Amino acid sequence: QVQLVESGGGLVQAGGSLRLSCAASGSIFSSSVMGWFRQAPGRQRELVAVVGSPDITNYADSVKGRFTISRDNAKNTVYLEMNSLKPEDTAVYYCYLDQRGLRYWGQGTQVTVSS
């Protein structure tokens, strides 16, 4: 069984930065894909960033140039470095992991950006 635990959310002023972490435990394959979705109140969950193996990344247009996703395979951890945050980045951020046809989710971490 794979479990994902997120950390690093919080309250930050517009223009500030936050770093989210997501640690995966269990049987993790090097071919797994990890990433982040977010969901704001009243909106659908949207893909923010994804990193495959080997380290191929993709980003939502709304975060390109501001967010950076990375992974440490030795620690089974994925990171999301968020810079130049905007109020519209406010959402619950969910980590996910895809492997062997299954998707696993973290519990979510709240990011709030004040104007």
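As the structure is a prediction and not an experimental result, all values here were calculated from the model. (Residues numbered from 1 in each chain as written. Predicted model: local features only at pLDDT ≥ 70, side-chain atom pairs only at ≥ 80, totals over all residues. Heavy atoms only, no water.)

Caption draft 1: Quick look at the pairing of strand 8 (residues 77-82). Of all six residues that make up strand 8, five are buried, and the element is covered over most of its length. By the bridge criterion, six bridges tie strand 3 (residues 18-25) to strand 8 in an arrangement that is antiparallel. Counterpart to Ala23 in the pairing with strand 8 is Thr77. Bridge count for strand 7 (residues 67-72) against strand 8 is six bridges, and the pairing is antiparallel. Following the sheet pairing, Thr68 is matched in strand 8 by Glu81. Two successive antiparallel strands, strand 7 and strand 8, enclose a turn made up of four residues, where Asn76 displays a positive phi of approximately 50 degrees. (Buried < 20%, exposed > 50% of the residue type's maximum accessible area, 1.4 Å probe, protein only. Helix = DSSP H or I, 4+ residues; strand = E, 2+ residues; numbered from the N terminus. Pairing = 2+ DSSP bridges.)

Caption draft 2: Local environment of the pairing of strand 11 (residues 109-114). What you see with strand 11 is a clean split: Thr109, Val111 and Val113 sit on the buried side and Gln110, Thr112 and Ser114 on the side with no burial. The sheet contact formed by strand 2 (residues 10-13) and strand 11 spans four bridges and is parallel. Paired with Gly10 across the two strands is Val111, which belongs to strand 11. Note: strand 9 (residues 91-99) against strand 11, three bridges, orientation antiparallel. From the neighbouring strand, Ala91 faces strand 11, where its bridge partner is Val111.

Caption draft 3: Here's a closer look at the pattern of salt bridges. A full pass over the atoms with the stated rule returns six salt bridges. Arg19 is paired through a salt bridge with Glu81; the nearest N and O atoms lie 3.7 Å apart. Of this pair, Arg19 sits in strand 3 while Glu81 sits in strand 8, placing them 62 residues apart in sequence. You can call Arg19 partly exposed: its relative accessible area is 46%. A salt bridge links Arg66 to Asp89, with the shortest nitrogen-to-oxygen separation between them at 2.7 Å. Remark: Asp89 occurs in the loop between strand 8 and strand 9 and Arg66 occurs in the loop between strand 6 (57-59) and strand 7; sequence separation between them is 23 residues. Just as Arg66 is buried, Asp89 falls in that class too. A single network of salt bridges, built from pairs that share partners, joins Arg38, Glu46, Arg66 and Asp89. (Salt bridge = Lys/Arg side-chain N within 4 Å of Asp/Glu carboxyl O.)

Caption draft 4: Quick look at the side chain of Arg38. By the element assignment, Arg38 lies in strand 4 (residues 33-39). By relative accessible area, Arg38 is classed as buried at 6%. In terms of polar contacts, Arg38 uses its side chain to reach the side chain of Ser62, at 3.4 Å. Only 2.9 Å separates the side chain of Arg38 from the side chain of Asp89, close enough to count as a polar contact. Sequence-distant contacts of Arg38, defined by excluding residues within four places in its chain, comprise Gln44, Arg45, Glu46, Val48, Ser62, Val63, Phe67, Glu88, Asp89, Ala91, Val92 and Tyr93. (Polar contact = N/O pair within 3.5 Å; in protein donor to acceptor, adjacent residues only side chain to side chain. Contact = heavy atoms within 4.5 Å.)

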